[in-house]
Amino acid sequence: MDTKIYDIIVVGGGHAGVEAAWAASRLGAKTLLLTMRRDTIAKMSCNPAIGGLAKGQIVREIDALGGLMGLATDAAGIQFRLLNRSKGPAVQSPRAQTDKYQYQTYIQNRLESADNLTIGEHTVAEVLIRHNRVYGVRCEDGAEFSAAAVILTTGTFLRGIMHRGQEQWPGGRLGEPASNALSDCLRKLGLKVYRLKTGTPVRLDGTTVDYDKIDIQPGDDEPQPFSFMNDRIDRPQVPCWITWTNPAIHDLLRANLHLAPMYTGQIQSVGPRYCPSIETKIVRFADKSRHQVFLEPEDQAVTTIYCNGISTSYPKEIQEQMVRLMEGVQRARIVHYAYAIEYDYCPATQLRPNLETRPIEGLFLAGQINGTSGYEEAAGQGLLAGVNAVHKLAGKEPFILGRDQAYLGVLVDDLLTREIDEPYRMFTSRAEYRLTLRSDNADSRLTPLGRRIGLIDEPRWERFCAKRRAIQSLEHYLKQTRTGGKSLWECVKQPDHPLAEDLANNEQIAAMGLPREVIQAAAIACKYEGYLARQDKQIAAFRNLEHIKLPEDLDYHRIEHLRFEAREKLSAFRPFTLGQASRLGGITPADITVIQIHLKKIKCNDSSRSTASNA
């Protein structure tokens, strides 16, 4: 590094750090990405899978905004599946198993060749602050780097403690040290810092699994790409497999609960409710005689297998016995033993909607440091933080997505308005406008926004515009062409009509030679026209409250007729809009009405003072 002065410094090379550095550098900011080890950038330390329920929507949104995750997944994917295919498009989500080594290589190569981006190997120990404003970072080796904005994407490294039985050792993930000094720094800066827990299962030698004894789970016959820049996936796919735990395993685990850190008091923090450890499952679901275990390859050659479903922190010997009792893997060799990890995070209620901390200007947080779990949630936050750091320095308005615009908007809004007591995970059920926020239309929702802020290059924009024109042309054709007294558009709406079943195989439509995604977009717009119109009305009502800003210094305790509980909650969270206030737990519609009346009084008083002053 020939300089120590940058516009933006990104701390951490995980999925959040990657997207933050990529976005900031693409927007012209002189960016420094600091990571403990250059070769671990974009490392998939848990399951090497991207997407899944609701997470797939997030990846498509990242891609539509010009991020890297979708492109990397298409380049490294070894199995692609569309989840919930039998259900409606609102809950269908793409998922891909990836080769974790190819994924890392793709990301690292893109970052290495990026303009305006420098990568450095340092462990950051301190964020440098002057007059409550960031001016740089200091590293453990004494090196200092200056920047007007710093984005922390520290993953599970802040005071990370790993657990396996009675074993405990500091670490951010297997074989890598924890970051203790930076965690202490955040506390000294006045940020609230709490603890969360996550874990990982055993990895098996892929050559030692008896595949003929377990069920195979193939990918889709026609794999769908994640990136809107790719038409198809041409590589051969690798299958996954399914096995099960059994009563003998459950008996073993119950008999040894006294050795599990979760139940000895050794682990104090809360883990993810929706991805529980196997010891949690046998206690919480004691009536179940078995639990599903997905055996998922970690690379194209199936060198190692990730045992999805048996995350644990039992001692090695118990893990060995568990594997020996499981169908298909009785003879399998354990390559890496499972472990749990506790780490520090900063509740996101301390952030502004642009992911900048309230107390410290220019300091942004993204990823697991905000209490989330998952590569996708982290990457999305990273992209938003990178864009907003650039906007901050340029004096531009923050780039904030609403709940009605993107799952990324739902994610950030939830973090700012909810008390997170477990790692936050995105689900389709969290998005009230999920019929609008589909995975298939992420480009139509967000690519124009990405273009406006400068992340969408000319080739992607031209491709997007061509697709949009093709969809409009097909919709016009369906509305204008009639058969049996009805337009084709009306025929598609009828559930029992052949066109509704498969528009793409209609002879006239097929002759047009349109891409599958164009036909799909027109079909969805037609079939769900009434529902989408209804949701548009709901969104319009929602936006009325979202547009009413709340003063940051508003004294809720002085608002007449506001309930005490509401005053306490609002003072603690300090929402930025009336819409956010309405989503806080314990806040009622009556409270919102009281605040609206108070705001009108303030506005009237300010207007009266202004009139008197002018007179």
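It should be emphasised that the depicted structure is a prediction, and the values quoted were computed from it without experimental measurement. In this numbering scheme, every chain counts its residues from 1 along its sequence in written order. For a predicted model such as this one, the threshold for reporting local features is a pLDDT of at least 70, and the threshold for listing and counting side-chain atom pairs is 80 or more; totals across whole chains, interfaces and linings nevertheless cover every residue. For the side-chain quantities, the full set of heavy atoms in the structure was used; hydrogens and water were omitted.

Explain the overall build of the chain to me, and be specific about the residues and the numbers.
Secondary structure follows DSSP: runs of H or I at least 4 residues long count as helices, runs of E at least 2 residues long count as strands, and numbering of each begins at the N terminus. Scanning the chain for helices and strands turns up 21 helices and 23 strands. C-alpha atoms define the radius of gyration, and 2.2 Å times the number of residues to the power 0.38 defines the globule rule. Over its C-alpha atoms the chain spans a radius of gyration of 26 Å, differing by no more than 12% from the 25 Å that the globule rule assigns to 615 residues. Counting only C-alpha atoms and orienting by the principal axes, one finds that the chain spans roughly 90 × 75 × 55 Å. Residue burial is assigned from relative accessible area. The probe radius is 1.4 Å, only protein chains are included, and a residue is buried under 20% of its type maximum, exposed over 50%, and partly exposed in between. Put simply, the chain has 615 residues, and 57% of those count as buried. By element, 49% of the accessible surface of the chain is carried by carbon and sulfur atoms, the whole surface being about 26100 Å². For the chain, the distance from the average position of its 77 positive side-chain charges to the average position of its 73 negative side-chain charges is 4 Å. For the area figures, the Shrake-Rupley method with a 1.4 Å probe applies, and any residue is considered shielded solely by the protein chains shown. Charge convention: Lys and Arg are scored as positive, Asp and Glu as negative, and His as well as the terminal groups of each chain are ignored. Where a charge lies is defined by one atom per residue type: Lys uses NZ, Arg uses CZ, Asp uses CG and Glu uses CD.

Explain the sheet that holds strand E11 (residues 161-164) residue by residue, including any values.
The antiparallel open sheet is built from four strands, whose spatial order is E12-E11-E20-E13. Each edge of the sheet is formed by a strand with only one pairing partner; in this case those strands are strand E12 (167-170) and strand E13 (194-200). Neighbouring strand axes in the sheet, compared pairwise and without regard to direction, differ in orientation by 25 degrees on average. Following DSSP output, two strands are said to pair if at least two bridges run between them. Strand direction decides the pairing type here: E13 and strand E20 (residues 339-345), joined by seven bridges, are antiparallel. Across the sheet, the residue bridging to Lys-197 is Glu-342, located in E20. Angles here are taken between N-to-C directions and fall from 0 to 180 degrees, while the axes themselves are lines fitted to C-alpha atoms, restricted in helices to the stretch in contact.

A description of empty space enclosed by the protein should follow, citing residues and the corresponding values.
Note on definitions: the grid is 1 Å and covers protein atoms alone; a cavity is a set of points where a 1.4 Å probe fits but cannot get out; a pocket is an open set with protein on both sides within 12 Å along at least five of seven lines; lining residues have an atom within 4 Å of a point. Grid points are joined across faces, edges and corners, and a volume is the space filled by probe spheres set on the points. Applying the stated rule across the entire model yields three cavities of 30 Å³ or more. Of the volumes computed, that of the largest cavity is approximately 40 Å³. Of all the secondary structure elements, the ones that give two or more residues to the lining of the largest cavity are strand E4 (77-83) and strand E5 (93-98). Asp, Glu, Lys and Arg are counted as charged, while Ala, Val, Leu, Ile, Met, Phe, Trp, Tyr, Cys and Pro are counted as nonpolar; the rest, among them Gly, fall into the polar class. Here the residues of the lining of the largest cavity sort into four nonpolar, one polar and three charged.

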